[in-house]
Amino acid sequence: MFDARFWMPESVNALTQGSDALFMFILWVSLVSTAVVVGAMMWLAFRYRPGSSASRDRPPRDHLWLEITWTVVPTAILGVIFFWGARDFITMSVPPADAMEIRVMGQKWFWTFDYPEQGFRIQATEETNEKNAAEGKPVGLVVPVDTSVRLVGSAADVLHSVSIPAFRLKKDVIPNRYTTSTFHATKEGEYDLFCTEYCGTKHSNMITKVTVLSQDAFAAYVEEAQEQAAGPVDGSNVFASSGCAGCHAVVEGAPAGIGPSLYAAYGRDEMLTTGETVVIDENYIRESIENPAAKIVEGYGPVMPSYAGRLSEEEMTALILYLRDLGTDKEAPI
Ligand code: CUA
């Protein structure tokens, strides 16, 4: 009856094709439930209004089948919504293994998009957006069509939120933590990208675009972007200049120093001094840099100083990226 996408733009994200149907299902369940509950309420209020002749004799004390019905039916409907929603949520939250990575950083009041695999960066400020639009160049975040993208977000100052309605994607980006989302654009074009957390007076400067290019056009775009000035910060330089190598080995088979070896550490289960196990991911690495005493690896002492505030947000992300790729085929040259 209603257009399945209601007031939203056409969905061009292969990973969230089901979410509009779920939205309409929840909308219709809500409309029907409201009609049933409010209808019954109004009918009863009218029937038993003061002075009506409706019989008040022997009011029912209980009604087993009615109670079973109003327990079982809503539970079943909520169960459907839960499993349907959880399934789609997982699809849109867990990136495929071969996804291309883009790092997004929100700050007052623009976005920085880093392409670590391709080695370039886009800064989507109000000025660059206008300039690119005037020159007919792609605006904002630029991605290839028919490609899974892993979007890893952080924020340099306050809470921001990446929202791309045409991708049915909305994910907060937060200081001191990484949030991951994923999409797979199915159609070339230009779509809106908003910041959907009020982040200060120039919050609206964070309005930009996502430009989806054909694979060929994207390859050409990358080539041009690579030729232009500074790319992202190199994490191996941050590692060297911060003195990390004094305590941590980074090559295969090297003896561990005062701290554990960081070679091929990412994704590993690590035993802690408390007997707990953690998976080494971006957030654990970050915590260990900023607050090293929080989760100490079994066999080591609480000797590492905190690096909180000593690295810029960009250096922090570059360093974590470098540590993540150590010992994998993506490893950066040292
Ligand atoms: Cu950033 Cu609102």
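Residues numbered from 1 in each chain as written. Predicted model: local features only at pLDDT ≥ 70, side-chain atom pairs only at ≥ 80, totals over all residues. Heavy atoms only, no water.

Asker: Outline the nonpolar core, listing residues and values.
Answerer: Ranked by internal contacts, the top residues of the largest apolar core, which has 37 residues, are Ile102, Trp111, Phe113, Tyr115, Leu141, Val162 and Phe167. Counting residues per element, this core draws most heavily on helix α4 (residues 215-227), at four residues. In this structure, Tyr115 is in contact with Met100, Glu101, Ile102, Phe120, Ile122, Leu141, Val142 and Phe218, ignoring residues within four places of it in sequence. Core analysis: the next-biggest nonpolar cluster, separate from the first, contains 23 residues, Cys244, Val250, Val278 and Met316 among them. (Core = buried A, V, L, I, M, F, W, Y, C linked by side-chain atoms within 4.5 Å. Buried < 20%, exposed > 50% of the residue type's maximum accessible area, 1.4 Å probe, protein only. Helix = DSSP H or I, 4+ residues; strand = E, 2+ residues; numbered from the N terminus. Contact = heavy atoms within 4.5 Å.)

Asker: Could you give me a rundown of the domain arrangement of the protein, with the residues and numbers involved?
Answerer: Segmentation of the protein into domains returns domain 1 (4-93), domain 2 (100-230) and domain 3 (235-325). For domain 2 versus domain 3, the distance between C-alpha centres works out to 28 Å. At the junction of the two partners, domain 2 supplies 12 residues and domain 3 supplies 12 residues. Contact between domain 2 and domain 3 buries roughly 1000 Å² in total, counting both sides, with carbon and sulfur atoms accounting for 46%. (Domains from an automatic or database assignment. Buried area = accessible area lost by both parts, 1.4 Å probe.)

Asker: How would you summarise the side chain of Asn132 if you had to cite specific residues and measurements?
Answerer: With respect to the element layout, Asn132 can be found in helix α3 (residues 126-134). Other than its neighbours up to four places away in sequence, Asn132 contacts Lys137, Pro138 and Val139.

Asker: Explain the packing of helix α6 (residues 282-290) against helix α7 (residues 313-325) residue by residue, including any values.
Answerer: Put simply, α6 and α7 touch, their axes get as near as 10 Å, and they point 120 degrees apart. Taken together, the axes of α6 and α7 lie oblique to each other. Like other packed secondary-structure pairs, α6 and α7 cross with a definite hand, here right-handed. Seen from α6, the contacting residues are Glu282, Ile285, Arg286, Ile289 and Glu290; seen from α7, they are Glu313, Met316, Leu319, Ile320, Leu323 and Arg324. Here the residues of the contact of α6 with α7 sort into six nonpolar, no polar and five charged. (Axes fitted to C-alpha atoms, helices over the stretch in contact; angles between N-to-C directions. Parallel < 35°, antiparallel > 145°, perpendicular 65-115°, else oblique. Left-handed = near helix turned anticlockwise from the far one by under 90°. Nonpolar A, V, L, I, M, F, W, Y, C, P; charged D, E, K, R; others polar.)

Asker: Let's hear about the pattern of salt bridges: which residues, and what values?
Answerer: Tallying each qualifying case throughout the model produces 18 salt bridges. A salt bridge links Asp88 to Arg87; the nearest nitrogen and oxygen atoms lie 3.2 Å apart. Of the charged contacts, one joins Arg286 and Glu290 as a salt bridge, the two residues approaching to 3.5 Å between their closest N and O atoms. Of the two residues, Arg286 and Glu290 both sit in helix α6, four residues apart, roughly one turn of that helix. Connected through shared salt-bridge partners, Glu101, Arg103, Arg150, Glu282, Arg324 and Asp325 make up one network. (Salt bridge = Lys/Arg side-chain N within 4 Å of Asp/Glu carboxyl O.)

Asker: Before we move on, can you summarise the packing of aromatic side chains with the specific residues and values?
Answerer: Inspection of every chain in the model, using the stated rule, returns nine aromatic pairs. When the centroid spacing of 6.5 Å and the interplanar angle of 20 degrees are considered together, the rings of Trp111 and Phe113 count as stacked. Residue Trp111 is classed as buried on the basis of its relative accessible area, which comes to 0%. On the basis of relative accessible area, Phe113 is assigned to the buried category, the value being 1%. Measuring from ring centre to ring centre gives 6.0 Å for Phe167 and Tyr191, while their planes differ by 50 degrees; the resulting arrangement is tilted. Here Tyr191 lies in strand β9 (residues 189-195) and Phe167 lies in the loop between β6 (160-164) and β7 (169-173), a separation of 24 residues in the sequence. (Phe/Tyr/Trp six-rings, centres within 6.5 Å; stacked < 30°, edge-to-face > 60°.)

Asker: An account of unusual backbone geometry is needed here, citing residue identities and associated values.
Answerer: Look at the link from Lys108 to Trp109: it is a cis peptide, with omega at -5 degrees. As for its position among the elements, Trp109 is in the loop between β1 (100-107) and β2 (110-115). Despite not being glycine, Arg168 shows a phi value in the positive range, around 55 degrees. Relative to the helices and strands, Arg168 is located in the loop between β6 and β7. Relative accessible area serves as the criterion here: at 10%, Arg168 is assigned to the buried category. Positive phi, normally seen in glycine, also occurs at Asn176, with a value near 65 degrees. Following the sequence through the fold, Asn176 ends up in the loop between β7 and β8 (179-184).

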